[in-house]
Amino acid sequence: MADEALSAGAVARRLGVAVTTLRTWHQRYGLGPSEHLPGHHRRYTPADLARLETMRRLTANGVAPAEAARWAVQAPDAALPGPTPRTERRGVRDGGGATIPVGRSGPTARGLARAAMRLDSNAINEVIDRAIRIDGVVTTWDTLLRPVLAGIGERHVATAALIEVEHLVSRCVSEAFAAVVRAHAPNGPPRILLSCADEEQHSLPLEALGAALAEVGIAHRLLGARVPVRALLEAVNRTGPAAVVLWSQTRSTADPTQLTALLTGPYRPLLVFAAGPGWRADSLPAGVVRPVDLAEALSLAAAVRDSLDQSAAG
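Along every chain, residues carry numbers that run from 1 in the direction the sequence is written. Local features are withheld for residues below a pLDDT of 70 in this predicted model, meaning they are given only at 70 or higher, and side-chain atom pairs are given and counted only at 80 or more; totals for whole chains, interfaces and linings count all residues. To get the side-chain values, all heavy atoms of the structure are used, and hydrogens and water are removed first.

1. Remarks on the packing of helix H10 (residues 204–215) against helix H13 (residues 294–313)
Part 1: Lines are fitted to the C-alpha atoms to define the axes, a helix being fitted only along its stretch in contact, and any angle between axes, read from their N-to-C directions, falls within 0 to 180 degrees. Each helix is a run of DSSP H or I of at least 4 residues and each strand a run of E of at least 2, with the numbering of both proceeding from the N terminus. Two elements in contact, H10 and H13, have axes separated by 10 Å at closest approach and are oriented at 45°. What the angle tells us is that H10 and H13 run oblique. The two elements H10 and H13 cross, and the hand of that crossing is right-handed. Side by side, H10 and H13 meet where Ala 208, Leu 209, Ala 212 and Leu 213 of the first sit next to Leu 294, Ala 297, Leu 298 and Ala 301 of the second.
Part 2: All residues other than Ala, Val, Leu, Ile, Met, Phe, Trp, Tyr, Cys, Pro, Asp, Glu, Lys and Arg, Gly among them, are scored as polar; the first ten of these are nonpolar and the last four charged. Tallied by class, the residues present in the contact of H10 with H13 amount to 8 nonpolar, no polar and no charged. Relative orientations are named as follows: roughly parallel for angles under 35 degrees, roughly antiparallel for angles over 145 degrees, roughly perpendicular for angles from 65 to 115 degrees, and oblique for any other angle. For a crossing to be left-handed, the near helix must be turned anticlockwise from the far one by less than a right angle; the clockwise case is right-handed. The contact definition used throughout considers only heavy atoms, calling two residues in contact when any of these lie within 4.5 Å.

Here it is as structure tokens:
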């Protein structure tokens, strides 16, 4: 048994919780390590780990900690109460699980993932707003939002579940980015036009770019999802943007003829971005730029702005 016993740090890593959380569960609910060897710290046995796993699964789904602890202590290996935990146990066997994986993204991402599993929109909004206020849009997107959204997608692929979680988190993210744009409201005419490719429905990355542009004082227009080529060209003709960002999430929407249409239209932008993982670098028309991430897209947009400002000053 000694070989199977684990330290608090090892258990925390397995469960995806902080060591301080384990201490709290030990002190308040008696869910502590049961193996004790003279001269050594107490260690967690497999039975202890099973109880803690039950505690984590239940609290992640909104069960009050005291109630979750009662079930964990009384029946660690029995079927969990209620329809949601039973579904979670099936998810574990099928490779799903009851938590959203966030890799090494840190405690803030884990907290956001737990709030998402509880469908706690207030907590989700609070975490996102605080992160944007402290770290800015680009860092928040790269280190917090993308990992959580990717984790939700991974769980959905494994379990065919969490659609409601994805919808709620996406709405909260959209609202947070819209608030950034409203708060900054850059002066001057919009110089950047943001659009999804025809039939592309994933618009959150474009909304992230729009918020990042607003944060640094660059005005933009966002057309959103599923923009037909004819509508995109009409928007370019009517507004004359200096740059157009065309987002494609999947190969099925990354038709390079859309980019060619922008380049050959009567009001060709100074710069055309093919943004997103859908585009293949070897299929892009000459003259199209493919930014690798949000930070590079923002840097390129800022370069367009600076070039226009210098031309106007000259």
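Back to the text.
2. Details of the packing of helix H7 (residues 121–135) against helix H9 (residues 163–184)
Part 1: The geometry of H7 relative to H9 is characterised by a closest axis approach of 10 Å and an angle of 40° between their N-to-C directions. Relative to H9, the element H7 lies oblique. Here H7 and H9 pass one another in a crossing that is right-handed. Every residue of H9 that contacts H7 at Ser 121, Ile 124, Asn 125, Ile 128, Asp 129 and Ile 132 is listed here: Leu 168, Val 169, Arg 171, Cys 172, Val 173, Glu 175, Ala 176, Phe 177 and Val 180.

3. A word on the nonpolar core
Part 1: Formed by 54 residues in total, the largest nonpolar core has its most connected members in Ile 124, Ile 128 and Phe 177.
Part 2: Apart from the residues lying within four places of it in its own chain, the contact partners of Ile 124 are Leu 112, Ala 115, Ala 116, Leu 168, Val 169 and Cys 172. In plain words, nonpolar cores are sets of buried Ala, Val, Leu, Ile, Met, Phe, Trp, Tyr and Cys residues tied together by side-chain atoms within 4.5 Å. Burial status follows relative accessibility: with a 1.4 Å probe on protein chains alone, a residue under 20% of its type maximum counts as buried, one over 50% as exposed, and anything between as partly exposed.

4. Structural notes on the packing of aromatic side chains
Part 1: Classification of ring pairs uses Phe, Tyr and Trp, with its six-membered ring standing for Trp, and accepts pairs whose centres are within 6.5 Å; under 30 degrees between planes counts as stacked, over 60 as edge-to-face, and the remaining range as tilted. All told, the structure shown has 1 aromatic pair when counted by the stated rule.
Part 2: With a centroid separation of 6.1 Å and an interplanar angle of 55°, the aromatic rings of Trp 141 and Phe 177 are classed as tilted. In this pair, Trp 141 is assigned in helix H8 (residues 137–159) and Phe 177 in helix H9, connecting sequence segments 36 residues apart. Like Phe 177, Trp 141 is buried.

5. Remarks on the sheet that holds strand S2 (residues 220–224)
Part 1: Reading across the sheet, the 5 strands line up as S2-S1-S3-S4-S5 and stay open at both edges, with parallel pairing between neighbours. Either end of the sheet is taken by a strand with one partner, and the two such strands are S2 and strand S5 (288–289).
Part 2: Examined bridge by bridge, strand S3 (residues 243–247) and strand S4 (residues 271–275) share 5 bridges and lie parallel to one another. From the neighbouring strand, Ala 243 faces S4, where its bridge partner is Leu 271.
Part 3: The sheet strands contacting H13 are strand S1 (192–196), S3, S4 and S5, and the helix crosses S4 at an angle near 170°. Two strands pair if DSSP finds at least two bridges between them.

6. What about the side chain of Arg 56?
Part 1: Position of Arg 56 among the secondary structure elements: in helix H3 (residues 46–60).
Part 2: Residue classification places Arg 56 among the buried residues on the basis of a relative accessible area of 10%.
Part 3: Each polar contact in these results corresponds to two N or O atoms within 3.5 Å; when the atoms are within protein, one needs to be able to donate a hydrogen and the other to accept it, and residues that are neighboring in sequence are counted only if both atoms are side-chain atoms. Within the local environment of Arg 56, its side chain forms a polar contact with the backbone oxygen of Leu 15, the two atoms lying 3.5 Å apart.
Part 4: Those residues in contact with Arg 56 that lie beyond four places of it in its chain are Leu 15, Val 17, Trp 25 and Thr 99.

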